[in-house]
Every structure is written in C-alpha cells, then in structure tokens.
Amino acid sequence: MTGNLAGEAHRPGRIEVVCGSMFSGKTEELIRRMRRAQFARQRVEIFKPSIDVRYSEDDVVSHDQNHIPSTPIDSSASILLLASNIDVVGIDEAQFFDMGLVEVCNELAYRGVRVIIAGLDMDYKGVPFGPIPALCAIADEVTKVHAICVRCGSLAYVSHRKVQNDRRVLLGETAEYEPLCRECYQKALQEDKK
C-alpha cells in the first residue's frame, strides 16, 4: 500500500456506489471524491453516457454547476478500453448504461482500480433503474443520498415526473422532475390521475 497527499492509503480495487433520487447530490459527491483522488495524485478518468448533454457534452456537471472533465461513451465496454493505467474511475448517470456495466466494474475492481459510480436507484415510477441495483449488490460501499421533498420538507424518496411522458429515459431538470417523499409521491400520483 502506498500513501498519498490526502492521508488515505491507496486501497486495492473497490466499488463505491452513490445513489438516490434526482437533486440529492449524487454527482456533487462523485465530483468531490474524484477531486480528492486528483489531489492525492492518483490517475483518474471519469465517464458519462453520451446521451447526457443537459449541461455539457463533455463535462460531468452537477445541478449546482460544479463540473469536472469527463469522457462521454455509448456503452460500458468502452470503459475497459479507455481506463488502462488508471487508479480511480468515476461513472456518472450509471443508470443509463447497459447491464454490462456490472461486469466492467467488477473487472476494474479486480484489477485494483477504485470505481466510484453515481446514479439514480429508481426511475420516476419508483422502479429500480438499470444496473444500479446490481451494482449496489456487488459494491464495497453504498451511499444513499437524499434530496428534500419539495412539498413537505421530508427526505425525498423518488423523482416524480411532472410532465406527461411515458418514456423511461427522459432527461430533465426541475421543469420535468421534483423530489418527493413517499407520502407526497402517493398524493402526486393521485393528482396525476385527475
């Protein structure tokens, strides 16, 4: 094990998942962890799905406009090709990747790479989303972060879609989604039926 400037020992490969609803700080936490790794002089690479162009085509950007350079990719297999000689791999919006991401992350961890994943754990219907549940199962560490319910101030449970659209993947912001607790989400579903 080798030391670094952050006072953390370089650990053997591991998988860390940061998950929760929209507006909960997942990307902010990913950026924070990646910047710490950069400060510790570790070699880092951050990937995001190429479909996510909400704030930037190239950077990972949080809702607070905090950003870090990234590599947009179309499939999880690209990560293995582009992550050679890397100490820490960051993956944002992981719910949009294919299920192959689970094996990719395992492979990287077995190679000694620290993998930090951020993504929605549930879609707008409250259904587990993409590879995130499987990644949580194999992760060394799972951090569930919570937004605040915009209706009552409790911890949010889900990202409620405010617009009429049945597509599972609909990129959006506050005009399209709102974080709600379980109780307010149930009320919102009843309102949506009217």
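Above this text you will find the structure in question.
Rules used in this analysis
Residues numbered from 1 in each chain as written. Predicted model: local features only at pLDDT ≥ 70, side-chain atom pairs only at ≥ 80, totals over all residues. Heavy atoms only, no water. Salt bridge = Lys/Arg side-chain N within 4 Å of Asp/Glu carboxyl O. Helix = DSSP H or I, 4+ residues; strand = E, 2+ residues; numbered from the N terminus. Phe/Tyr/Trp six-rings, centres within 6.5 Å; stacked < 30°, edge-to-face > 60°. Buried < 20%, exposed > 50% of the residue type's maximum accessible area, 1.4 Å probe, protein only. Core = buried A, V, L, I, M, F, W, Y, C linked by side-chain atoms within 4.5 Å. Contact = heavy atoms within 4.5 Å. 1 Å grid on protein atoms, 1.4 Å probe; cavity = no way out; pocket = protein on both sides within 12 Å on 5 of 7 lines; lining within 4 Å. Points joined across faces, edges and corners; volume = space filled by probe spheres on them. Nonpolar A, V, L, I, M, F, W, Y, C, P; charged D, E, K, R; others polar. Polar contact = N/O pair within 3.5 Å; in protein donor to acceptor, adjacent residues only side chain to side chain. Pairing = 2+ DSSP bridges. Axes fitted to C-alpha atoms, helices over the stretch in contact; angles between N-to-C directions.

*Asks:* So what's going on with the pattern of salt bridges? Residues and values would help.
*Replies:* A complete count under the given rule lists 13 salt bridges for this structure. Here E178 makes a salt bridge to R151, at a shortest N to O gap of 2.9 Å. Taken together, the residues span a long stretch of sequence, with E178 in strand β10 (residues 177-180) and R151 in the loop between β8 (141-145) and β9 (158-161) at a distance of 27 residues. Linking E183 and K187 is a salt bridge whose minimum nitrogen-to-oxygen distance equals 3.5 Å.

*Asks:* Hey, could you go over the packing of aromatic side chains for me, with residue numbers and the actual values?
*Replies:* Applying the stated criterion to the full structure yields two aromatic pairs. Aromatic side chains F96 and F129 sit 6.0 Å apart centroid to centroid with 85° between the ring planes, which places their arrangement in the edge-to-face category. Note that F96 is positioned in the loop between β6 (88-91) and α3 (100-110) and F129 in the loop between β7 (114-120) and α4 (132-138), a separation of 33 residues in sequence. No difference in accessibility class separates F96 from F129, as the two residues are buried.

*Asks:* Report on the nonpolar core, specifying residues and quantitative values.
*Replies:* For soluble globular proteins, nonpolar side chains are generally found buried alongside one another. In this structure, I79, V89, I91 and I117 are the most contacted members of the largest nonpolar core, which totals 24 residues. Those elements that provide at least two residues to this core are β1 (14-20), β6, α3, β7 and α4. Here this core takes six residues from α3, the largest share from any one element. In this view, V89 contacts M34, E45, F47, I79, A83, L108, V113, R114, V115 and I116; residues no more than four positions away in its chain are not counted. One finds I31, M34, A37 and I46 within the second-largest nonpolar core, a separate group that totals 10 residues.

*Asks:* Break down the layout of surface pockets for me, citing the residues and quoting the values.
*Replies:* Vacant regions in the atomic arrangement are exposed by a probe of water-molecule size rolled over the atoms. Volume-wise, the second largest pocket comes out at about 270 Å³. Looking at the second largest pocket, it is lined by 13 residues, and the ones nearest its centre are Y124, R161, Q164, L189 and D192. Mapped onto the lining of the second largest pocket, the elements with two or more residues apiece are β9 and α5 (182-193). Broken down by element, the residue count for the lining of the second largest pocket peaks at four residues, all from α5. Residues belonging to the lining of the second largest pocket are distributed by class as follows: four nonpolar, three polar and six charged.

*Asks:* I'd like to hear about the environment of D123, residue by residue, with values.
*Replies:* With respect to the secondary-structure elements, D123 resides in the loop between β7 and α4. As for D123 and R161, which are separated by 38 residues in sequence, their C-alpha atoms are 9.3 Å apart.

*Asks:* Provide a residue-level description of the side chain of D121, including the pertinent values.
*Replies:* As for its placement among the helices and strands, D121 is situated in the loop between β7 and α4. On the accessibility criterion, D121 (10% relative accessible area) is buried. A distance of 2.5 Å separates the side chain of D121 from the side chain of K144, its partner in a polar contact.

*Asks:* Give me the lowdown on the sheet that holds strand β5 (residues 71-73), citing residues and values where you can.
*Replies:* As summarised here, the arrangement of the six strands in space is β5-β2-β6-β7-β1-β8, forming an open sheet in which the pairing is parallel. Because the sheet does not close on itself, it has two edges, and the strands there are β5 and β8. In this sheet, adjacent strand axes meet at a mean angle of 20° when their direction is disregarded. Pairing analysis gives five bridges linking β1 to β8, with the strands arranged parallel. Counted as the bridge partner of E16 is E141 from β8. Here helix α1 (residues 26-39) sits on the sheet in contact with β1, β2 (44-49), β6, β7 and β8, set at roughly 165° to β7.

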